[in-house]
Amino acid sequence: MAVETIEQRSTSRKLAPRYRVLLHNDDFNSMEYVVQTLMKTVPNLTVPQAISIMMEAHTNGVALVITCAQEHAEFYCETLKSHGLTSTIEPDE
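Presented here is an overview of the structure given in this document. Values in this document were obtained by computation on a predicted structure and should not be read as measured data.

What counts and what doesn't
- All residue numbers refer to positions counted from 1 along the written sequence of the respective chain.
- Reporting in this predicted model follows two pLDDT cut-offs: at least 70 for local features of residues, and 80 or more for side-chain atom pairs to be given and counted; totals over whole chains, interfaces and linings ignore these cut-offs and use all residues.
- Side-chain numbers here rest on the full set of heavy atoms in the structure, without hydrogens or water.
- Secondary structure elements follow DSSP: runs of H or I of four or more residues count as helices, runs of E of two or more count as strands, with numbering from the N terminus.
- We call two residues contacting when some pair of their heavy atoms lies within 4.5 Å.
- Every accessible area reported is derived by Shrake-Rupley at a probe size of 1.4 Å, with residue values counting cover from the shown protein chains alone.
- For this analysis, a nonpolar core means a set of buried residues of the types Ala, Val, Leu, Ile, Met, Phe, Trp, Tyr and Cys, connected via side-chain atoms within 4.5 Å.
- Burial classes: relative accessible area under 20% of the type maximum marks a residue as buried, over 50% as exposed, and values in between as partly exposed (1.4 Å probe, protein chains only).
- When DSSP finds two or more bridges between a pair of strands, those strands are recorded as paired.
- As a rule, the C-alpha atoms of each element are fitted with a line to give its axis, helices using only the stretch in contact, and angles between N-to-C directions run from 0 to 180 degrees.
- Taking the helix axis as origin, the arc is that swept by the directions to the C-beta atoms.
- For patch building, the residue pool is restricted to those with more than 30% relative accessible area and no salt bridge; the joining distance is 9 Å between like charges and 5 Å between nonpolar side chains (Val, Leu, Ile, Met, Phe, Trp, Tyr).
- Every case where a carboxyl oxygen of Asp or Glu lies within 4 Å of a side-chain nitrogen of Lys or Arg is listed as a salt bridge.

Within the protein chain, the regular secondary structure consists of 3 helices and 3 strands. Listed N to C, the secondary structure of the protein chain is β-α-α-β-α-β in terms of helices and strands. Within the protein chain, contacts between residues at least 6 apart in sequence are counted, and of these 72% link residues at least 24 apart. Counting every atom, the protein chain has about 7,000 Å² of accessible surface; 52% of that belongs to carbon and sulfur.

Printed below as a string of structure tokens:
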């Protein structure tokens, strides 16, 4: 009798790595401008959320804006920078 080996392919998908978009405090832009820019840049961000992010950056020097796929994180970071805000991305651990 011959024994047949059936090869199964893995159907599990690997999740794309996620990145954190960080907003850094600056002494140049008004708080209102930062809140407006955050709301224009990040979809579905509410006024209270944008205010909270702005205040955290103002108080602690840096704040988490959003955690998302790398391509989106790079887009948000560059958009914030293009509006005169200081932003960076880092891998989410």
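Of note, Asn44 is a non-glycine position whose phi angle comes to about 65°, a positive value. For Asn44, the location among the structural elements is in the loop between α1 (31-41) and α2 (47-60).

Ranked by size, the top nonpolar core spans 19 residues in total, and within it Val21, Leu23, Val34, Leu38, Leu45, Ile53 and Val65 carry the most contacts. In terms of residue count, α2 provides more of this core than any other element does, 4 residues in total. In contact with Val34, other than residues within four places in its own chain, are Leu23, Asn29, Met54 and Leu85.

This part covers the sheet that holds strand β1 (residues 18-24). Across the sheet, which stays open at both edges, the 3 strands sit in the order β2-β1-β3 with antiparallel pairing between neighbours. The open sheet has two edge strands with one neighbour each: β2 (62-69) and β3 (86-91). Sheet twist, expressed as the average angle between the axes of neighbouring strands with direction ignored, equals 25°. In this sheet, β3 lies alongside β1 in antiparallel orientation, the contact comprising 6 bridges.

Once that is clear, we can look at α1. Taken residue by residue, α1 has Val34, Val35, Thr37, Leu38 and Thr41 as its buried positions. When α1 is viewed along its axis, its buried side chains cluster within an angular range of 165° and face the same direction. Of the exposed residues in α1, those oriented more than 90 degrees away from the buried face are Glu32 and Lys40. Tucked into the core, α1 has its buried residues touching β1, α2, β2 and α3 (70-82).

Together, Met31, Met39, Val47, Ile51 and Met55 line one region of the surface with nonpolar side chains, adding up to about 370 Å² of accessible area. Contributing elements (two or more residues each) for the nonpolar patch: α1 and α2. Top element by residues in the nonpolar patch is α2. It accounts for 3 residues. Assignment of secondary structure puts Val47 in helix α2.

Structural measurements only, silent on function.
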